[in-house]
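Residue-level structural notes
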Amino acid sequence: MEHTIPFTSTNLMEVVGAMKLDQAFRFSFFRLSLFALLASPAAAQLSPGFYSFSCPNAELLVRGAVRSASAMDSTVPAKLLRLLFHDCLVEGCDGSVLVQGNGAESSDPANKSLDGFYVVESAKRLLEIWCPGTVSCADILVLAARDAVELSGGPSVEVPLGRRDGIVSSASDVRPNMVDTVFSLDQMMQRFAAKGLSIDDLVVLSGAHTIGSSHCRTFGDRFQQASNGSLVPADNSLDSNYAMELANKCFAGASDSTSVANDPVTPSTFDNQYYANLLANKGLLHSDSILVTDPRTKSRVQAFAQSPEKFFASWADSFVKLSTVGVKTGDQGQIKVSCTNM
Ligand code: HEM
């Protein structure tokens, strides 16, 4: 939380630049899935133009904040995307993951390595100057994650807006809703289904692991310690050279903060390389590699590995679905002044 993004004339130029880019080049997927919008009455109240009159610059201001932060720290886009996933799975996409403090969702061990909160808070501070009490933290997070994907080379997705912020953020809600790397495919499917997300959404959204990194401990289950202390693969599901690379990096003595790229080939680009990695037995987490070993998901993995267009189009649909999980609208919830406080 120690980071802040100073809003200078340069930042504002970026906002203006973003506006031009938006108009000129936006490769927009107008694929607001009817299915997603009709999934619940609350989700049906969301709309892309929600802030058109009340805060017309909302999207540009968030985009400017994400751009500035990402220019200073290239790990920001992946952090924002993961933040949104963890927000939506617990209490719906209501900004509850952003709340700081003992007992809040963010304090649960499953959320300990989440980061990027300050980017959302910086955007919120700016929005409170331009349109006080109008734009929810939940919407800011959705926009930030959407922009993070686009900035990393992924598709631009039009998202419906109008979410309100939750009034509950409890660590005890995290475990019963969150997925874990050691889950079986059935367990992951159950957790997704409970949020209205299908097995296809699981394959598509796991493609988020085309960017960002994971700490060594998160794939420790894939290795065993040999008698000489070295790490050896626990089974033959990992490509042997890749397994060796991982073991060398995460060998006993590596610090707790050591992490490796989720996608060893194009680590910072949002593309379909993740699926090619899976087919080459280079899926980092157990929950990644399971998608290629299980016949129920393998054909989707193959299709996405072959066609970036298919992946991007499916991403647009599944992202909108994820971003509308359990949303609060109308007179539910609140519009917060600060995203990190309840
Ligand atoms: C399906 C089951 C999933 C599991 C078990 C899972 C688990 C994990 C784990 C353990 C990490 C590493 C965290 C760390 O070491 O700090 C990670 C990273 C990440 N996850 Fe997932 N994840 C899943 C799905 C998703 C989805 C659906 C998204 C987004 C839509 C997502 C986005 C990310 C991103 C972007 C990172 C990199 C974060 C960074 O670099 O800071 N994940 N995930």
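Fair warning: this is a prediction, and the values are worked out from it, not measured in the lab.

Our focus in this paragraph is the nonpolar core. Core analysis: the biggest nonpolar cluster contains 78 residues, and L80, L81, L98, L291 and W315 have the highest contact counts within it. Each of two domains, domain 1 (9–178) and domain 2 (185–319), supplies a minimum of three residues to this core. Excluding its chain neighbours within four sequence positions, the residues that come into contact with L291 are L185, L202, V203, S206, Y274, L278, T297, K298 and V301. C216, F219, A243 and L284 belong to the second-largest nonpolar core, a separate cluster that totals twelve residues.

Turning our attention to the site of the ligand. S113, H209, S213, S214 and H215 are the nearest of the 23 residues found near the ligand. Contact between the ligand and S113: an oxygen atom at 2.7 Å from a side-chain N or O atom of the residue. Interatomic distance of 2.7 Å between a backbone N/O atom of H215 and an oxygen atom of the ligand. For the shell around the ligand, the secondary-structure elements that each account for two or more residues are α5 (76–89), α9 (199–206) and β3 (213–215). Counting residues per element, the shell around the ligand draws most heavily on α5, at four residues. For the shell around the ligand, the per-class residue count stands at nine nonpolar, eleven polar and three charged.

Our focus in this paragraph is the packing of aromatic side chains. Going through the model one piece at a time under the given rule, you end up with twelve aromatic pairs. Aromatic pair F50 and Y51: ring centres 5.0 Å apart, planes at 85°, arrangement edge-to-face. The exposure class of Y51 is buried, given its relative accessible area of 5%. Look at Y274 and Y275: their rings are 5.0 Å apart centre to centre, the planes differ by 85°, and that puts the pair in the edge-to-face class.

The subject of this paragraph is the state of the cysteines. One covalent bond between the sulfur atoms of two cysteine residues makes up a disulfide. Applying the stated rule across the entire model yields four disulfides. The disulfide partner of C55 is C131, and the S-S distance across this bridge is 1.9 Å. Between C55 and C131, the S-S torsion sits near 55°, and that sign places the bridge as right-handed. In this pair, C55 is assigned in the loop between α3 (41–44) and α4 (58–72) and C131 in the loop between α6 (117–130) and α7 (137–151), connecting sequence segments 76 residues apart. Here C55 matches C131 in class, with each residue buried. Should the bonded cysteines of the chain be numbered as they appear in the sequence, the pairing reads 1-4, 2-3, 5-8, 6-7.

For the pair α5 and helix α14 (residues 308–323), interaxial distance at closest approach is 9 Å and the crossing angle is 50°. In terms of axis orientation, α5 runs oblique to α14. Contacts from L81, L84, F85 and C88 in α5 reach W315, F319, L322 and S323 in α14. Residues belonging to the contact of α5 with α14 are distributed by class as follows: seven nonpolar, one polar and no charged.

UniProt marks H86 with the feature "active site" (unreviewed entry), using the numbering shown here. Its place among the elements puts H86 in helix α5. Dropping the residues within four chain positions of it, H86 is found in contact with V97, E105, A110, N111, L114 and M178.

Another aspect to go through is the pattern of salt bridges. Evaluation of the coordinates by the stated rule reveals 14 salt bridges. Note that D200 and R300 form a salt bridge whose closest N and O atoms lie 3.5 Å from each other. Here D200, found in helix α9, pairs with R300, found in helix α13 (residues 295–306); they are 100 residues apart in sequence, far enough to count as distant.

What follows deals with the packing of α9 against α13. Contact geometry of α9 with α13 gives a least axis separation of 10 Å together with a crossing angle of 45°. When the interaxial angle is binned, α9 and α13 end up oblique. In this structure, the crossing between α9 and α13 has a hand that is right-handed. Here α9 contributes I199, D200, V203 and V204 to the contact with α13, which in turn contributes R296, T297, R300, V301 and F304. Here the contact of α9 with α13 is built from residues that sort into five nonpolar, one polar and three charged.

On to α6. With 14 residues, α6 ought to run about 20 Å at 1.5 Å a step, and its terminal C-alpha atoms sit 20 Å apart, in line with that. Most of α6 is tucked away, with eleven of its 14 residues classed as buried. When we look at burial in α6, the residues that qualify are F117, Y118, V119, V120, E121, S122, A123, K124, L126, L127 and E128. On the buried face of α6, the contacting elements are α4, α5 and α7.

Looking at the element boundaries, D139 is found in helix α7. There is a polar contact of 2.8 Å between the side chain of D139 and the backbone nitrogen of G162. Among all residues touching D139, those that are not within four sequence positions of it are Y51, L161, G162 and R163.

Scoring rules and cut-offs
Residues numbered from 1 in each chain as written. Predicted model: local features only at pLDDT ≥ 70, side-chain atom pairs only at ≥ 80, totals over all residues. Heavy atoms only, no water. Core = buried A, V, L, I, M, F, W, Y, C linked by side-chain atoms within 4.5 Å. Buried < 20%, exposed > 50% of the residue type's maximum accessible area, 1.4 Å probe, protein only. Domains from an automatic or database assignment. Contact = heavy atoms within 4.5 Å. Near = heavy atom within 4 Å. Polar contact = N/O pair within 3.5 Å; in protein donor to acceptor, adjacent residues only side chain to side chain. Helix = DSSP H or I, 4+ residues; strand = E, 2+ residues; numbered from the N terminus. Nonpolar A, V, L, I, M, F, W, Y, C, P; charged D, E, K, R; others polar. Phe/Tyr/Trp six-rings, centres within 6.5 Å; stacked < 30°, edge-to-face > 60°. Disulfide = S-S within 2.5 Å. Axes fitted to C-alpha atoms, helices over the stretch in contact; angles between N-to-C directions. Parallel < 35°, antiparallel > 145°, perpendicular 65-115°, else oblique. UniProt positions renumbered as here; feature names shortened; annotations may be inferred. Salt bridge = Lys/Arg side-chain N within 4 Å of Asp/Glu carboxyl O. Left-handed = near helix turned anticlockwise from the far one by under 90°. Expected span 1.5 Å × (residues − 1).

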